[in-house]
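# Residue-level structure breakdown
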Amino acid sequence: MRHVLDIDDLTKQDLERILDLGLAASYNKTLAGKGVACIFEKPSTRTRNSTEMAVKQLGGHPVYITGVEIGIDVRESASDIANTLACYHEVICARVYDHQVLERMAKSNVVPVVNLLSDRAHPLQAIADVMTIKAELGSVANKTVTYVGDTNNVAVSLAFAVGALGGEIRLASPSGYSLVEDDRQRLEAAGVVPKIVEDVSEAVEGADVVYTDTWVSMGQEDEKEKRLSDFDGYMVDDDLMARAPEAIFMHCLPAHRNEEVAASVIDGPQSRVWVQAKHRQNAAVGVLAWLQEGADLGSE
Ligand code: CP
Ligand code: NVA
């Protein structure tokens, strides 16, 4: 049973196959007549819309389910929910607060589980990100991607995807917001060793991609004041981008202008955030089509 909880659930060949499937000129209707459960415990603009439209593109029917409605571990257990949804759906996609919920759903092994963002990982974003880098720069291999800010779910999945495709990943975070040991070990096991550079100017020097994300992720709202103060000096602004004049700027969005990124950068000529947002749908198509290939293999 294939699951996509983070990029390290995929081999390099799997990832490349997903990129090919997602960027194909035409799609087989591999989900024709089939359902895909789309659970959202947190809000979403890009992920919900790109996933639902990807399911439609493959001929399937997405069912949007809110966290409140389904009550994971409140109304019933994650595994009872997975077993129930598997009666009607081919795939369970879920955006959750706690990554372990996805692990417990996947452990039921009834249908593939896809992470639509958890506290630990955001694999569909990372797949869209490497699609964007390939489209804009020709390849990920031998490119340097500098992530500035909070080493969060987006940063870790990005590191896996860039590393898997032979790129260099640099992480520039203030003290206390750097790569946690568990993620460092998982990355190392996948053969990815990010360069941790606390000096943000040094980290950006010569980069091909400069990437940032919010300093306050969903679920961290209570820490907002402290985080805004701790991240002082880590805004991606024109002075920082001037250190990598050929680089493209990326952001998973939603963005907070003049917090993690200057408005002049995200709305400026180096920014590729709309190309990136568009690739979210290709990424979802790629993953869903790849899961269907796995299901076809399983039924042979
Ligand atoms: N980048 C991203 O996942 O956006 P949403 O939270 O709007 O889905
Ligand atoms: N790190 C952010 C990403 C949002 C797409 C969050 O988890 O809220």
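Placed above this text is the structure.
Report follows, based on the coordinates. Positions within a chain are numbered from 1, following the residues in the order the chain's sequence is written. As a convention, the first chain written is A and the first ligand written is 1, with the rest following in written order. Confidence filtering applies because this is a predicted model: local features only for residues at pLDDT of at least 70, side-chain atom pairs given and counted only at 80 or more, and all residues used for totals across whole chains, interfaces and linings. No hydrogens and no water enter the side-chain calculation; it runs on all heavy atoms of the structure.

What follows deals with the site of ligand 1. Nearness here has a simple test: a residue counts as near a molecule or strand if at least one of its heavy atoms is within 4 Å of that partner. Looking at ligand 1, the residues that line it are Ser44, Thr45, Arg46, Thr47, Arg95, His122, Gln125, Cys252, Leu253 and Arg280. Between N or O atoms, a polar contact is any pair within 3.5 Å; within protein, one atom must be a potential hydrogen donor and the other a potential acceptor, and residues adjacent in sequence are included only when both atoms are from side chains. In the environment of ligand 1, an oxygen atom lies 2.8 Å from a nitrogen or oxygen atom belonging to the side chain of His122. For accessible areas, the Shrake-Rupley method is used with a probe of radius 1.4 Å. Any residue's cover is judged against the shown protein chains and nothing else. Out of a free accessible area of 250 Å², ligand 1 has 96% covered by protein chains. In this count, Pro and Cys sit with the nonpolar residues alongside Ala, Val, Leu, Ile, Met, Phe, Trp and Tyr, while Asp, Glu, Lys and Arg are called charged and the others, Gly among them, polar. Class assignment of the residues belonging to the shell around ligand 1 gives a composition of 2 nonpolar, 5 polar and 3 charged.

Moving on to the pairing of strand β2 (residues 61-66). Consecutive side chains along a regular strand alternate between the two faces of the sheet. Strand pairing follows a simple DSSP-based rule, namely that at least 2 bridges must link the two strands. Numbering of helices and strands runs from the N terminus; a helix is a DSSP stretch of H or I covering at least four residues, while a strand is a stretch of E covering at least two. Pairing between strand β1 (residues 35-40) and β2: 6 bridges, direction parallel. The residue of β2 that forms the bridge with Gly35 is His61. In terms of handedness, the path from β1 via helix α2 (residues 46-57) over to β2 forms a crossover that is right-handed. Call a crossover right-handed when, viewed with both strands pointing away from you, the route from the first strand across the helix to the second goes clockwise.

Attention now goes to the packing of helix α4 (residues 78-85) against helix α5 (residues 99-108). Angle between the axes and distance between the axes: these two values describe a pair of packed helices. Axis lines are fitted through C-alpha atoms, for helices just across the contact stretch, and the angle between N-to-C directions can take any value from 0 to 180 degrees. Packing of α4 against α5 brings their axes to within 8 Å, and their N-to-C directions diverge by 50°. When the axes of α4 and α5 are compared, the pair comes out oblique. Read as a crossing pair, α4 and α5 show a hand that is right-handed. Across the interface between the two elements, Ala78, Ser79, Ile81, Ala82 and Asn83 from α4 touch Val101, Arg104, Met105 and Ser108 from α5. An angle counts as roughly parallel when it lies under 35 degrees, as roughly antiparallel when it exceeds 145, as roughly perpendicular when it falls between 65 and 115, and as oblique in every other case. In this scheme the crossing of two helices becomes right-handed for a clockwise turn of the near helix relative to the far one and left-handed for an anticlockwise turn of less than a right angle. Contacts were defined at the residue level, with two residues in contact if any of their heavy atoms lie within 4.5 Å.

With respect to the element layout, Glu52 can be found in helix α2. What Glu52 contacts, discounting residues up to four positions off in sequence, is Pro62 and Tyr64.

So, about the sheet that holds strand β5 (residues 144-148). Read from one edge of the open sheet, 5 strands run β7-β6-β5-β8-β9, paired in parallel fashion. Of all strands in the sheet, those bounded by a partner on one side alone are β7 (195-196) and β9 (248-251). Running over the sheet, helix α6 (residues 123-137) touches β5, β8 (209-212) and β9 and is turned about 165° from β9.

Looking now at the site of ligand 2. Taken together, Leu117, Asn152, Asn153, Val154, Asp213, Thr214, Ser217, Met218 and Leu253 make up all the residues around ligand 2. A distance of 3.3 Å separates a nitrogen atom of ligand 2 from a polar side-chain atom of Asn152. Partitioned by chemical class, the residues of the shell around ligand 2 number 4 nonpolar, 4 polar and 1 charged.

Bringing the environment of Lys56 into the picture now. Its location among the elements puts Lys56 in helix α2. Sequence separation of Lys56 and Cys38 is 18 residues, and the distance between their C-alpha atoms is 13 Å. Beyond its immediate stretch of four places on either side in the chain, Lys56 contacts Lys29 and Pro62.

One can find Ser139 in the loop between α6 and β5. When its relative accessible area of 24% is taken as the criterion, Ser139 is described as partly exposed. Taking the C-alpha atoms as reference points, Ser139 and Ala172, 33 residues apart in sequence, are found 23 Å from one another. Setting aside chain neighbours within four positions, we find Ser139 in contact with Ile133 and Lys134. Looking at Ser139, its side chain comes within polar contact range of the main-chain oxygen of Ala141, at 3.3 Å. Separated by 3.4 Å, the side chains of Ser139 and Lys143 make a polar contact. A 1.4 Å probe rolled over the protein chains alone gives each residue an accessible area, and that area as a share of the maximum for its type sets the label: buried under 20%, exposed over 50%, partly exposed in between.

Strand pairing within a sheet occurs via backbone hydrogen bonds; the two strands may be parallel or antiparallel. Across the sheet, 4 strands lie side by side as β2-β1-β3-β4; this open sheet has parallel pairing. Unpaired on one side and paired on the other, β2 and β4 (113-115) mark the two borders of the sheet. With direction set aside, neighbouring strand axes in the sheet form an average angle of 20°. Bridging between strand β3 (residues 89-95) and β4 involves 3 bridges; their strand directions are parallel. Residue pairing in the sheet places Ala94 in a bridge with Asn115 of β4. Its contacts with the sheet place α4 against β1, β2 and β3, and it is angled at close to 145° to β3. Where α5 meets the sheet, its contacts fall on β1, β3 and β4, and the angle it forms with β4 comes to roughly 165°.

Now for the pairing of β3. The buried fraction of β3 is high, at 6 of 7 residues. Pairing analysis gives 6 bridges linking β1 to β3, with the strands arranged parallel. Across the sheet, residue Cys38 finds its bridge partner in β3, namely Cys93.

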